[in-house]
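# Residue-level structural notes
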There are 2 protein chains.
Amino acid sequence: MVYAEILAGGTGSRMGNTEVPKQFMKLGSKPIIIHTIEQFVVHDKIDQIIVVVPKAWINNTKDLIKKYIYQAEYIAVIEGGPTRNESLVNGIEWIEQNNGINDEDIIVTHDAVRPFLSYRIIADNITAAQQYGAADTVIPAVDTIVMSKNNSEIFEIPIRGHMYQGQTPQSFNIKLFKQTYLKLTETEKEILTDAAKIMVIKDKVVKLVFGESYNIKVTTSYDLILANSILENLL
Amino acid sequence: MVYAEILAGGTGSRMGNTEVPKQFMKLGSKPIIIHTIEQFVVHDKIDQIIVVVPKAWINNTKDLIKKYIYQAEYIAVIEGGPTRNESLVNGIEWIEQNNGINDEDIIVTHDAVRPFLSYRIIADNITAAQQYGAADTVIPAVDTIVMSKNNSEIFEIPIRGHMYQGQTPQSFNIKLFKQTYLKLTETEKEILTDAAKIMVIKDKVVKLVFGESYNIKVTTSYDLILANSILENLL
């Protein structure tokens, strides 16, 4: 089985709008999260979609899916946890309770606020997770990356050709991810806010999958302007 | 003296248009490079502007400046070198020949294709270069930064709070930069394509100046769409 888990647990404080989380704001004619879900709905390799949202938004999300998406029956809407990784694990627990987990099962986890991922990116994630156990979507760093440890002076400027900007999806063999996550201490869980980093720290292979520059994360009002521009001009 | 050096030496092969270098493409009603030069023209702390372009574009650039910019007399247009750093050094040589270099003189170097820098960013660059000898404009990394040494698997995911995306301006005490640059071996000159990295490698302090997310570099057709959107919606 190949599962898609769309992570929409955040409440979007960065948008400067605390009433409507950013994933529910409109982009063109539809909420951002609907654009994102649609990319997985039209993908022939995805068997089940799990959407993780804040508790207060579960019913609203179900209504939106009914309103905008044909064939809504294989989309589950469940409650998120207090952190991104706990939300991710909630999705895995839903799978365990409803279907059980088989050795080959894959989960493709994706930010609800990255509505522009492509069919090709999803396909590459599935293939890489099946072959290597874990995959992370990246693009080569556009800018020079600078490191500072004191937020004041440059500590290092690493070789640009080695640096990438992380996007999502992040995809995992579910059993491997669960086993690795369960071995983390509570302190590690607090520090390791990035799911791919959990695998890297525990010496698992994480294969790079190449994203697209337009696969942006919509988290600020500025991003929303860019997203509308991408929708109108590039897609 | 405070000099601005606008680096437009590139021929823009990334834009998919080999005839007109990207800095000469139109953004709104004017070429990108004119937007950029204007930001320095209106700045009261800049004493002299030096624009570095490919040899074939010197006359055209002079014509554009006459056409679009009032008070063009303190803008010099000179020929670029084969690399970014050599173009930068050409500007310093122009200063040396025309005005000489004093201990306190500062050079604010900026990409011609970043038309949206602000008055505040230029002012902060000048102050930081005067106080610390070198400054680099950055924004905190928006995405998780991922490191791979083989373009295939993740090697490391550094702490996100330590990572920044480099922009320009990069600003220097001219004497300090020249002394440091002259000490580089030919091999170092080939490797150190970033001017701030020259200072870091040679253990000089490079102060961080905070840029803006909209201070983007326009190098692809996608960037040009975003740039037009920024121009229409944000400025």
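Overview of the structure.

Parameters and conventions
Residues numbered from 1 in each chain as written. Chains lettered and ligands numbered in written order. Predicted model: local features only at pLDDT ≥ 70, side-chain atom pairs only at ≥ 80, totals over all residues. Heavy atoms only, no water. Axes fitted to C-alpha atoms, helices over the stretch in contact; angles between N-to-C directions. Helix = DSSP H or I, 4+ residues; strand = E, 2+ residues; numbered from the N terminus. Parallel < 35°, antiparallel > 145°, perpendicular 65-115°, else oblique. Left-handed = near helix turned anticlockwise from the far one by under 90°. Contact = heavy atoms within 4.5 Å. Least-squares fit on C-alpha atoms with pLDDT ≥ 70 in both. Buried area = accessible area lost by both parts, 1.4 Å probe. Salt bridge = Lys/Arg side-chain N within 4 Å of Asp/Glu carboxyl O. Polar contact = N/O pair within 3.5 Å; in protein donor to acceptor, adjacent residues only side chain to side chain. Buried < 20%, exposed > 50% of the residue type's maximum accessible area, 1.4 Å probe, protein only. Nonpolar A, V, L, I, M, F, W, Y, C, P; charged D, E, K, R; others polar.

### A word on the packing of helix α3 (residues 84-98) of chain A against helix α5 (residues 174-182) of chain A
Residues and elements named next belong to chain A.
- Remark: α3 packs on α5, axes separated minimally by 11 Å, with the N-to-C direction vectors making an angle of 125°. Here α5 runs oblique to α3, going by the angle between their axes. Classified by chirality, the crossing of α5 by α3 is left-handed. Residues Asn85, Glu86, Leu88, Val89, Ile92, Ile95 and Glu96 of α3 touch α5, and the partners they reach there are Ile174, Phe177, Lys178 and Tyr181.

### With respect to the relation of the copies chain B and chain A
- With an RMSD of 0.0 Å, the fit of chain B onto chain A corresponds to turning through 180° and sliding 0.0 Å along the axis. These values place the two chain copies in the arrangement generated by a two-fold rotation axis.
- The fraction of interface residues of chain B whose copies in chain A are also interface residues reaches 100%, indicating that both copies meet through the same surface.

### Structural notes on the interface of chain B and chain A
- On the chain A side, the residues contacting the 43 residues of chain B number 43 residues.
- When the area that chain B buries against chain A is broken down by residue, the three leading residues are Ile157, Tyr164 and Tyr222 of chain B, summing to 14%.
- One can count 2 salt bridges joining chain B with chain A.
- In this structure, arginine 114 of chain A and aspartate 143 of chain B form a salt bridge, with 3.7 Å as the shortest nitrogen-oxygen distance.
- Run the count over chain B and chain A and you get 20 residue pairs in polar contact (both at pLDDT 80 or more).
- Those elements giving two or more residues to the side of chain B that touches chain A turn out to be β7 (134-140), β8 (145-147), β9 (163-173), α7 (195-201), β10 (207-210) and α8 (221-233) of chain B.

### Description of the side chain of threonine 61 of chain A
Residues and elements named next belong to chain A.
- One can find threonine 61 in helix α2 (residues 58-68).
- For threonine 61, a relative accessible area of 1% corresponds to the buried category.
- When residues no more than four places from it in sequence are discounted, the contact partners of threonine 61 are Phe24, Val51, Val53 and Val77.

### Observations concerning the pattern of salt bridges
- Applying the stated criterion across every chain yields a total of 20 salt bridges over all chains.
- Residues arginine 84 of chain A and aspartate 111 of chain A are paired through a salt bridge, measuring 2.7 Å at the closest nitrogen-oxygen approach. Placement of arginine 84 of chain A in helix α3 and of aspartate 111 of chain A in strand β6 (residues 106-111) is noted, with a sequence separation of 27 residues between them.
- By relative accessible area, arginine 84 of chain A is classed as partly exposed at 29%.
- Of the charged contacts in the structure, one is a salt bridge between glutamate 188 of chain B and lysine 202 of chain B, with a shortest N-O distance of 3.1 Å. Of this pair, glutamate 188 of chain B sits in helix α6 (residues 186-191) while lysine 202 of chain B sits in the loop between α7 and β10, placing them 14 residues apart in sequence.
- Given the relative accessible area of 22%, glutamate 188 of chain B is considered partly exposed.

### With respect to the packing of helix α1 (residues 32-41) of chain B against helix α2 (residues 58-68) of chain B
Residues and elements named next belong to chain B.
- Where α1 meets α2, the closest approach of the two axes is 11 Å, and the angle between their N-to-C directions is 60°. Overall, the two elements α1 and α2 adopt an arrangement that is oblique. α2 is crossed by α1, and the crossing has right-handed handedness. Together, Ile34, Ile37 and Glu38 of α1 and Leu64, Ile65 and Tyr68 of α2 make up the contact between the two elements.
- Here the residues of the contact of α1 with α2 are counted per class, giving 5 nonpolar, no polar and 1 charged.

Note that all results are geometric; they support no functional claim without further evidence.
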